Structures are given as structure tokens and as C-alpha cells.
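Residues per chain are reported as follows:
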Amino acid sequence: MTEMQEYFEPRFVEQLFDKMSSSYARMNYITSFGFSERWRRKCIKELKMEEGKVIADLMAGMGECWKFILKNSDKTSKLIGLDFSTEMIERAKKNKEKFKGYTIEILQENIFNNSIENESVDYVVSGFGLKTFNDHQLEKLAEEIERILKPSGRFSLVDVSIPKIKILKCFYIFYLKNIIPLIGKIFLENPEVYQMLGVYTQEFKNSRHVEKIFRKKNFYVDYIEYFYGCASGIKGHKIR
Ligand SMILES: C[S@@+](CC[C@H](N)C(=O)[O-])C[C@H]1O[C@@H](n2cnc3c(N)ncnc32)[C@H](O)[C@@H]1O
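Residues numbered from 1 in each chain as written. Predicted model: local features only at pLDDT ≥ 70, side-chain atom pairs only at ≥ 80, totals over all residues.

Engineer: What is the right way to look at the overall build of the chain in this model?
Structural biologist: When helices and strands are counted, the chain shows 10 helices and seven strands. Burial analysis of the chain (240 residues in total) assigns 42% to the buried set. For the chain, contacts bridging at least 24 residues in sequence account for 71% of all contacts bridging at least 6. (Helix = DSSP H or I, 4+ residues; strand = E, 2+ residues; numbered from the N terminus. Buried ≥ 20, exposed ≤ 12 C-beta atoms within 10 Å, placed from the backbone. Contact = placed C-beta atoms within 7 Å.)

What follows is the structure, encoded as C-alpha cells:
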């Protein structure tokens, strides 16, 4: 197995996020210059959500997307947050307490072996949950989203990307490779885990391959770029 193949192993990814959990929120904000919040908000807005629906937040982490999801829905809606990292899930449970009166079901499960019922979900969202998957896993992710979405159900997914504009790209790669691990070294116990974010992002590049994979399934798909390609994603709906 190559090093990169090993990095896509679910056990490796799970342990990585377990280690990252205590600093993830802060680091995610710093490393995206505060843009991560804006990208989550925009990604969720793309769903054009209606009230009284079922929403699945996949690779939910500690529920970083929830405030934006719940702002766009109401108390008759149901939110399912799914993640496999024990540490992220523990924090998601604490986060849930902030949203009294809302129905939030937390599932500690692997997306590739999950208990969400067929055609039970109106909207699927995922913030920054794509880059740790290889193409084969992205195919399986597309199949799972197709399985759980109701006919005409909508999805919107976003992740960080390498921008195309040369000067921005050089700066971004330098930042990923040097500055983020340095920030990690100064502020955190496990700086090496943040090096991995750069490794995944460089391998991921952008969401064009995700778009291609989803287009092969029963979906209508649009590609979206956020801030000159520093993040990218897809949105769309299940055709039948
Ligand atoms: C970068 S975090 C994103 C967290 C959150 N959605 C956000 O907006 O910041 C990626 C999350 O995906 C989870 N994850 C990765 N692979 C997964 C899988 N196969 N099944 C379930 N969760 C997974 C990790 O545990 C981690 O919490």
C-alpha cells in the first residue's frame, strides 16, 4: 500500500480527526482566514431549504454546519448529523445542547456503512468532508447520497481547494505546507496532524472529479467555486 492509499484508510482518517478534535474549530477558522464559516453558510444556502424537512449533515464533525442549517429550517425539521470520529461526536453532542427545541439525531457511523433509511432525506449537506476520500470512496459516497435522498431531494457539498490563479495558488500552497504546520507547532500538541490537511488538499485539488463522479449517477449536478477557487463544491438534486 502506498503512503497516500494509507491516508485514505477510514481507520487512519478517524484517528486523525480524533487527534484534531480539540483544536479543529480554531484551526479551521485560522487556516481558512475565517472563510470556512462563510463557505459553510453559502453551501447550505444553495439547498434553498423549506420547512418541515429531513436534513442529513454527512461527515458532520462537531456540527459546525448546524447553526446555518437550523437558521434555514425550523423546529418541525429533523437534522441527522453523521460522523465516525468518537472525539468529534462527543463534541457534537455538547454542541447539540445549544439548539434546544430542534430535533437533532447524532449518528456515530461510517458513511459507507450507515443506518439512514432509503429515500428518507430531503437535503444532504457536507462541509469539508470530501478531501479525505479517494475516487473509489467518492463513488460510494455518491451511491449513499443517491440511496438516502428522496426523489428530487437536493444536496450541496463543499471542501477546500487549490485556487487556479497562479499567485493565489503559490501563496496557498506555501501557506498549507509551511504556515499551517508552523501555527500547529506553536499552538498545538499535535502539529503533524495539520500537515495532513495540506497533503489531502493538494491531492484533492478541487471538486471537479467529485462533479464527474456524481454526474455518472442519478443526479443533476452543478459545480460551484468559492472565493476564486479556494474552496469548491457541487450542488444538485436526485433526478428520480
Ligand atoms: C474536515 S472535518 C469536517 C467537519 C464539519 N463538517 C465542518 O464543516 O467543519 C471531516 C469530518 O469527516 C469525518 N469523516 C471522514 N471520513 C468519514 C467516514 N467515512 N464516515 C463518517 N465520517 C467521516 C471525520 O471524522 C471529520 O469529523
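Anyway, onward from the coordinates.
Engineer: How do you make sense of the site of the ligand when you look at a structure like this?
Structural biologist: Of all residues adjacent to the ligand, which total 22 residues, the nearest are Phe17, Met59, Gly61, Ser85 and Gly127. By residue number, the principal contributor to the shell around the ligand is helix α2 (residues 10-20), which donates four residues. Here the residues of the shell around the ligand sort into 11 nonpolar, seven polar and four charged. (Near = placed C-beta within 6 Å. Nonpolar A, V, L, I, M, F, W, Y, C, P; charged D, E, K, R; others polar.)

Engineer: In this structure, what is going on with the pairing of strand β6 (residues 219-226)? I would like to understand it.
Structural biologist: Bridge analysis of β6 against strand β7 (residues 231-238) gives eight bridges, and the strand direction is antiparallel. Following the sheet pairing, aspartate 222 is matched in β7 by lysine 235. In this antiparallel pair of consecutive strands, β6 and β7, the connection spans four residues, and phenylalanine 227 shows a positive phi of 40°. (Pairing = 2+ DSSP bridges.)

Engineer: What is the right way to look at the environment of serine 207 in this model?
Structural biologist: Mapped onto the elements of the fold, serine 207 is located in the loop between α9 (191-204) and α10 (208-215). Spatially, the C-alpha atom of serine 207 lies 11 Å from that of phenylalanine 128, the residues being 79 residues apart in sequence. With residues near it in sequence (within four places) discarded, serine 207 still touches Leu130, Asp159, Ser161, Tyr223, Ser232, Gly233 and Ile234.

Engineer: It is not clear to me how α9 should be interpreted in this structure. Could you clarify?
Structural biologist: Because an α-helix completes one turn every 3.6 residues, residues spaced three or four positions apart along the sequence face the same direction. The end-to-end C-alpha separation of α9 is 21 Å, in line with the 20 Å expected for 14 residues at 1.5 Å each. Restricting attention to buried positions, one finds in α9 the residues Val193, Tyr194, Leu197, Gly198, Tyr200, Thr201 and Phe204. Relative to the axis of α9, the buried residues are bounded by an arc of 165° and lie together on one face. Following α9 by one or two positions, lysine 205 adopts a phi angle in the positive range, close to 65°. (Expected span 1.5 Å × (residues − 1). Arc of directions from axis to C-beta.)

Engineer: It is not clear to me how unusual backbone geometry should be interpreted in this structure. Could you clarify?
Structural biologist: Negative phi is the rule for most residues except glycine; trans is the rule for most peptide bonds. One non-glycine residue, methionine 59, adopts positive backbone phi at about 55°. Inspection of the secondary structure puts methionine 59 in the loop between β1 (54-58) and α5 (66-71). Phi at serine 152 is positive, roughly 70°, even though this residue is not glycine. Looking at the secondary structure, you find serine 152 in strand β5 (residues 149-160).

Engineer: How do you make sense of the sheet that holds strand β4 (residues 121-127) when you look at a structure like this?
Structural biologist: Across a sheet, paired strands are connected by hydrogen bonds in the backbone, their directions being either parallel or antiparallel. Read from one edge of the open sheet, seven strands run β3-β2-β1-β4-β5-β7-β6, paired in mixed fashion. Both edges of this open sheet fall to β3 (103-108) and β6, since each of them pairs with a single strand only. Adjacent strand axes in the sheet meet at a mean angle of 15° when their direction is disregarded. Pairing of β1 with β4 involves three bridges; the strand directions are parallel. Opposite isoleucine 55, over in β4, you have tyrosine 123 as the bridge partner. (Axes fitted to C-alpha atoms, helices over the stretch in contact; angles between N-to-C directions.)

Engineer: Please explain helix α3 (residues 24-31) as it appears in this structure.
Structural biologist: Those residues of α3 that sit buried are Tyr24, Met27, Asn28 and Thr31. Here the buried residues of α3 occupy an arc of 100° about the axis, which is enough to place them on one side. Within two residues after α3, phenylalanine 33 carries a phi angle of roughly 55°, on the positive side.

Engineer: Just checking my understanding: could you explain the packing of helix α7 (residues 135-148) against α10 for this structure?
Structural biologist: Any two packed helices are characterised by the angle at which their axes cross and by the distance between the axes. At a closest axis distance of 9 Å, the pairing of α7 and α10 adopts a crossing angle of 50°. Of the possible angle classes, the one that applies to α7 and α10 is oblique. For α7 against α10, the interelement crossing comes out right-handed. Counting all contacts with α7, which are made through Asp135, Leu138, Glu139 and Ala142, the residues of α10 involved are His209, Val210, Ile213 and Phe214. Each residue belonging to the contact of α7 with α10 can be placed in one class, and the counts come to five nonpolar, one polar and two charged. (Parallel < 35°, antiparallel > 145°, perpendicular 65-115°, else oblique. Left-handed = near helix turned anticlockwise from the far one by under 90°.)

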